[in-house]
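# Summary of structural features
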Amino acid sequence: MAFVGLLYAVAAPIQTEADGQAITYGKGQVIGGMMTAEISYTRNSNPLYADDRVMEEDNSITGGTIKMGVDDVNDDARVMMLGDVKEGDAGEEVYHETGESAPYVGTGYIRVRRKDNKTNYIAYWVHKAIFGIGTESAKTKGQNIEWQTPTLEGSIMGVKNNAALQTRFRERRTFTKESEARTWLNKKAGIEA
């Protein structure tokens, strides 16, 4: 099995979250053209030693981080994901980065997998995250163009969106068609196709 592609970055603001119930999301949107995705989970690492050896080990997930590289983040996505504030009328909008915390969102993307000469599309949905813009740098154009693209960095949090009250972080589903994977993510993010 090998992954050969990455596409379709989406996000939606969390409207309601209650233990034992599915999270409801507001109207989502496409963030930008997907370039990179990196998820790192934080795990408990707490061995129980007895008789001079490890007898038990807790390796459960406690949270994580997510980095999403996109070709651009439009202003509306910045408001939804980063908490930027929009002021002014159409054509005269001004956007402000503030000291306020960004809103909680759900976010997802699609990885393209090839196995046994067949292509599948694996859609991922992170139930709850909070994002910030990564380090920003700018360069002048030189002899060759050097693309400068943003990376969104966030923290992943667990949710108890099921009757058993298990803490969950991410959901995934495999599809044989890209269109089916997009439809699934659109439904999760409340994006009307």
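Here goes a summary of the coordinates provided. Since the structure is predicted, the reported quantities are computational estimates derived from the model, not experimental observations.

### Re the overall build of the protein
- Secondary structure summary: the protein contains 2 helices and 13 strands in total.
- For the protein, the spread of C-alpha atoms along the three principal axes comes to 70 × 45 × 40 Å.
- Within the protein, the fraction of its 193 residues that count as buried is 33%.
- When the accessible area of the protein is evaluated, it comes to approximately 12100 Å², of which 44% is carbon and sulfur surface.

### Re unusual backbone geometry
- Positive phi outside glycine occurs at aspartate 51, with the angle close to 50°.
- As for its placement among the helices and strands, aspartate 51 is situated in the loop between strand E5 (46-50) and strand E6 (53-58).
- Of the residues examined, aspartate 51 reaches a relative accessible area of 65% and is grouped as exposed.
- The backbone of aspartate 116 shows a phi angle near 50°, a positive value even though the residue is not glycine.
- Note that aspartate 116 resides in the loop between strand E10 (104-115) and strand E11 (118-133).

### Overview of the environment of valine 10
- Looking at the secondary structure, you find valine 10 in strand E1 (residues 2-16).
- In this structure, the C-alpha to C-alpha distance between valine 10 and tyrosine 109, residues 99 residues apart in sequence, is 6.4 Å.
- Each residue touching valine 10, except ones within four places of it in the same chain, is listed here: Gln29, Val30, Ile31, Gly106, Thr107, Gly108, Trp125, Leu185, Ala189 and Ile191.

### Some remarks on the pattern of salt bridges
- Following the criterion strictly, the structure yields 5 salt bridges and no others.
- Salt-bridge contacts for lysine 128 lead to glutamate 17; the nearest nitrogen and oxygen are separated by 3.0 Å. Taken together, the positions of lysine 128 in strand E11 and glutamate 17 in the loop between E1 and strand E2 (24-25) put the pair 111 residues apart, joining distant regions of the chain.
- In this structure, the salt-bridge partner of glutamate 146 is lysine 139, at a minimum N-O distance of 3.3 Å.

### Section: the side chain of asparagine 120
- Residue position: asparagine 120 is located in strand E11.
- Not counting residues up to four positions away in its chain, the partners in contact with asparagine 120 are Arg111, Val112, Arg113, Thr174, Phe175 and Thr176.

### Examining helix H2 (residues 178-189)
- Between its first and last C-alpha atoms H2 spans 16 Å; for 12 residues at 1.5 Å apiece the expected length is 16 Å, and the two agree.
- Buried residues of H2: Ala181, Trp184, Leu185, Asn186 and Ala189, and no others.
- Contacts made by the buried residues of H2 are with E1, E10, E11 and strand E13 (170-175).
- Just beyond H2, the residue with positive phi is glycine 190, at close to 65°.

### What about the environment of threonine 65?
- In this fold, threonine 65 is placed in strand E7 (residues 61-70).
- Residue classification places threonine 65 among the partly exposed residues on the basis of a relative accessible area of 39%.
- For the pair threonine 65 and phenylalanine 131, spaced 66 residues apart in sequence, the C-alpha separation works out to 9.5 Å.
- Not counting residues up to four positions away in its chain, the partners in contact with threonine 65 are Glu38, Ile39, Ser40, Gly154, Ser155 and Ile156.

### With respect to the packing of aromatic side chains
- Applying the stated rule across the entire model yields 4 aromatic pairs.
- Arranged with centres 6.2 Å apart and planes meeting at 65°, the rings of tyrosine 41 and phenylalanine 169 form a pair that is edge-to-face. A residue pair is termed long-range when its members are at least 10 positions apart, and tyrosine 41 in strand E4 (residues 34-43) and phenylalanine 169 in the loop between strand E12 (151-156) and E13 qualify at 128 residues.
- Ring centres of phenylalanine 175 and tryptophan 184 lie 6.1 Å apart, and the angle between their planes is 50°; on these two criteria the pair is classed as tilted. With respect to burial, phenylalanine 175 and tryptophan 184 carry one shared label: buried.
- Sitting over the face of the ring of phenylalanine 3, arginine 111 holds its NZ or CZ atom 3.5 Å from the ring centroid.
- It is lysine 128 that lies over the ring of tyrosine 104; its NZ or CZ is 4.4 Å from the centre.

Rules behind the numbers
- Within any chain, residue numbers begin from 1 and follow the written order of that chain's sequence.
- With pLDDT at 70 or above as the cut-off, local features in this predicted model cover only qualifying residues; side-chain atom pairs require 80 or more to be listed or tallied, and sums for whole chains, interfaces and linings still use all residues.
- Excluded from the side-chain calculation are hydrogens and water; included are all heavy atoms of the structure.
- Elements are defined by DSSP. Helices are runs of H or I of four residues or more, strands are runs of E of two residues or more, and each kind is numbered from the N terminus.
- Classification of residues uses two cut-offs on accessible area relative to the type maximum, computed with a 1.4 Å probe and protein chains only: under 20% is buried, over 50% is exposed, and between them is partly exposed.
- Throughout, the Shrake-Rupley method with a 1.4 Å probe supplies accessible areas, and for residues the shown protein chains are the sole cover considered.
- Residue contacts are counted whenever heavy atoms from the two residues lie within 4.5 Å of one another.
- The term salt bridge refers to a side-chain nitrogen of Lys or Arg lying within 4 Å of a carboxyl oxygen of Asp or Glu.
- An expected span of 1.5 Å times one less than the residue number is assigned to each helix.
- Think of it this way: a Phe, Tyr or Trp ring, Trp meaning its six-membered ring, pairs with another when their centres are within 6.5 Å, and the plane angle makes it stacked under 30 degrees, edge-to-face over 60, tilted otherwise.
- When the NZ atom of lysine or the CZ atom of arginine is within 6 Å of a ring's centre and also within 35 degrees of its normal, the charge is said to sit over that ring.

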